[in-house]
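# Topology and contacts: notes
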Amino acid sequence: MFIQEKLRELDLPDVLKFKNGAQVKTLEDWEKRRDEVKQIIQENMYGVLPPRPLHLRAEEINSDAGFCAGKATLKNVSLISTFNDDDIFSFPVTYFIPVNRKSVPAILLINFRSDVPDKYLPAEELIDRGYAIFTFNYANVTSDTPDSPDGIYRNLNKHREKSKCIGKIACWAWAAMRVMDMIQSIGCIDKRNIAVAGHSRLGKTALLTAALDDRFAYAISNDSGCCGASLERGKGGERHSMITATFPHWFTPKFVTDISKNAEIEFDQHFLLSLIAPRHLLVGSAAEDSWADPMSEYLCTCKVNEVYALYGKKGLEHPDRAPVPGDSFDDGDNHYHLRAWKHYLSREDWNRYLDFMDKYVNR
Ligand code: GCU
């Protein structure tokens, strides 16, 4: 058993063992352990996300009924959060929904830019495949630089001591959940088929978002790598010590100063991925992306099958070998593909994710 042997060599912490040493045997046990895992992941890495704001409303900025030859309606809105202390934070969200459809599956893409279309957001192709897209530019939520406590970071950390501040990945995930709140009030969206997607650092963000918000039926992680879908143990390319040196602002301070330097941490990234079960996990890797380490992303995706099994599900169905470029494993509840070439969110990746989602979407 090639994959099981690889996983055994890594000697991963047991996600199915409670802190008190008891073993998870049933789904009921897992539901309890799941709360511990949520806590471990947040307290040690990303920070503990606060609840939704006191009030949330979307203010329409403009609407274009003729988007992509009239095949979709596009709207730009400002999503406005009001907090208990009367502070207000707003950020722009763009969405487009194919017209003349009753129950439209949707994907929330957390993106690096506001442009629609964008190199990572092939708008017309996605419309043609019958998906609604919601998107925001992460930099409008809080800036992606160290020592910049701006945007929502300021609101969400206002009443916390420094050591307990949440990192920016958690801030972007919190914003994605607010978009999900807004989506709930849009009648034509198929609420059972909503995905959250992101590339690279925003793939890490998409995974955290889906892990903590069960309303997302699919988590799409594209080349998310270190602190995303890749396991820290045995990983090539980027490791905890490197990511925290360059991007300390992504994490809780405890992770940067303390946990990331310890080889024996009590968790690994399969803890994060296990929280997505029994919903669908879609992981895409690029063959030349050694910084993210495709094999590590693959092993982590295989590892969480043990949690899907508790739900009577298969998780990822895969052959007992390392993936090769061109592989796309689609038969189980989860998806993995390895694309040729470099770190990028390509049309090819999108097609793999949509082919998988199409299997579950009733039209
Ligand atoms: C850097 C970082 C990665 C991250 C990537 C990205 O390379 O080290 O962890 O995924 O940026 O977001 O593009």
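Going by the structure above, here's the rest.
Residues numbered from 1 in each chain as written. Predicted model: local features only at pLDDT ≥ 70, side-chain atom pairs only at ≥ 80, totals over all residues. Heavy atoms only, no water.

Another aspect to go through is the overall build of the protein chain. Looking only at helices and strands, one finds 13 helices and 10 strands in the protein chain. By the compact-globule yardstick of 21 Å for 363 residues, the protein chain fits well, its C-alpha radius of gyration being 20 Å. Considered along the principal axes of its C-alpha atoms, the protein chain spans approximately 55 × 45 × 40 Å. Relative to its full complement of 363 residues, the protein chain shows a buried share of 58%. Considering only contacts within the protein chain whose residues lie at least 6 apart along the sequence, 68% involve residues at least 24 apart. (Helix = DSSP H or I, 4+ residues; strand = E, 2+ residues; numbered from the N terminus. Rg over C-alpha atoms; globule rule 2.2 N^0.38 Å. Buried < 20%, exposed > 50% of the residue type's maximum accessible area, 1.4 Å probe, protein only. Contact = heavy atoms within 4.5 Å.)

Turning to the site of the ligand, a few remarks are in order. Taken together, Ser200, Arg201, Lys204, Glu238, Ile243, Phe247, Trp250, Trp291 and His343 make up the full set of residues near the ligand. Take lysine 204: an N or O atom from its side chain is 2.8 Å from an oxygen atom of the ligand. One of the side-chain nitrogen or oxygen atoms of tryptophan 291 is found 2.8 Å away from an oxygen atom of the ligand. Expressed as a share of its isolated accessible area of 320 Å², the protein-covered part of the ligand is 82%. (Near = heavy atom within 4 Å. Polar contact = N/O pair within 3.5 Å; in protein donor to acceptor, adjacent residues only side chain to side chain. Areas by Shrake-Rupley, 256 points an atom, 1.4 Å probe, with all protein chains shown as cover.)

By the secondary structure assignment, phenylalanine 67 is in helix α3 (residues 67-70). Apart from residues no more than four positions distant in its own chain, phenylalanine 67 is found in contact with Ala72, Leu74, Phe96, Val116, Ala123 and Ile127.

For the rest of this paragraph, the subject is the nonpolar core. Formed by 123 residues in total, the largest nonpolar core has its most connected members in Phe134, Phe136, Val179, Ile189, Leu208 and Phe251. Considering each element in turn, this core owes the most residues, 13 residues, to helix α6 (residues 168-183). Residues within four places of valine 179 in sequence aside, it is in contact with Leu79, Phe91, Val93, Leu108, Phe134 and Phe136. (Core = buried A, V, L, I, M, F, W, Y, C linked by side-chain atoms within 4.5 Å.)

This paragraph deals with the packing of aromatic side chains. On inspection of all chains with the given rule, the structure shows 17 aromatic pairs. Judged by centre distance (3.9 Å) and plane angle (10°), the ring pair of phenylalanine 247 and tryptophan 250 falls under stacked. Comparing phenylalanine 247 with tryptophan 250 shows no difference in burial state: the two are buried. For the ring pair phenylalanine 251 and phenylalanine 255, a centre distance of 4.9 Å and an interplane angle of 50° mean the geometry is tilted. Residue phenylalanine 251 is classed as buried on the basis of its relative accessible area of 3%. Phenylalanine 255 sits in the buried class, given a relative accessible area of 0%. One aromatic cluster is present, formed by Phe112, Tyr120, Tyr138, Trp172 and Tyr344 through successive ring pairs. Over the ring of tyrosine 120 we find arginine 113, and its NZ or CZ is 5.1 Å from the ring centre. The aromatic ring of tyrosine 153 is capped on one face by lysine 168, whose charged end is 5.1 Å from the ring centroid. (Phe/Tyr/Trp six-rings, centres within 6.5 Å; stacked < 30°, edge-to-face > 60°. Lys NZ or Arg CZ within 6 Å of the ring centre and 35° of its normal.)

The end-to-end C-alpha separation of α6 is 23 Å, in line with the 22 Å expected for 16 residues at 1.5 Å each. Counted residue by residue, α6 has 16 buried out of 16 residues, so it is predominantly covered. (Expected span 1.5 Å × (residues − 1).)

Let us now look at the side chain of histidine 337. Inspection of the secondary structure assignment puts histidine 337 in strand β10 (residues 335-339). When sequence neighbours within four positions are dropped, the list of residues in contact with histidine 337 reads Val283, Gly284, Ser285, Asp327, Ser328, Asp349, Arg352 and Tyr353.

Turning our attention to the packing of helix α1 (residues 2-10) against helix α11 (residues 294-303). At their nearest, the axes of α1 and α11 sit 10 Å apart, and the two run at 100° to each other. Compared by their axis directions, α1 and α11 come out roughly perpendicular. Of α11, the residues touching α1 (which contributes Phe2, Ile3, Lys6, Leu7 and Leu10) are Met295, Tyr298, Leu299, Cys302 and Lys303. In the contact of α1 with α11, the residues fall into eight nonpolar, no polar and two charged. (Axes fitted to C-alpha atoms, helices over the stretch in contact; angles between N-to-C directions. Parallel < 35°, antiparallel > 145°, perpendicular 65-115°, else oblique. Nonpolar A, V, L, I, M, F, W, Y, C, P; charged D, E, K, R; others polar.)

Let's shift gears to the sheet that holds strand β1 (residues 55-66). Note: strands within a sheet are paired through backbone hydrogen bonds, in either parallel or antiparallel orientation. With respect to topology, 10 strands assemble into an open sheet ordered β1-β2-β3-β5-β4-β6-β7-β8-β10-β9, the strand pairing being mixed. Taken across any chain shown, the strands that pair with only one partner, and hence form the sheet edges, are β1 and β9 (328-329). Across nine bridges, the pairing between β1 and strand β2 (residues 72-82) is antiparallel. Opposite glutamate 59, over in β2, you have serine 78 as the bridge partner. Across the sheet, α11 touches β8 (280-286), β9 and β10, and the angle it forms with β8 is around 165°. (Pairing = 2+ DSSP bridges.)

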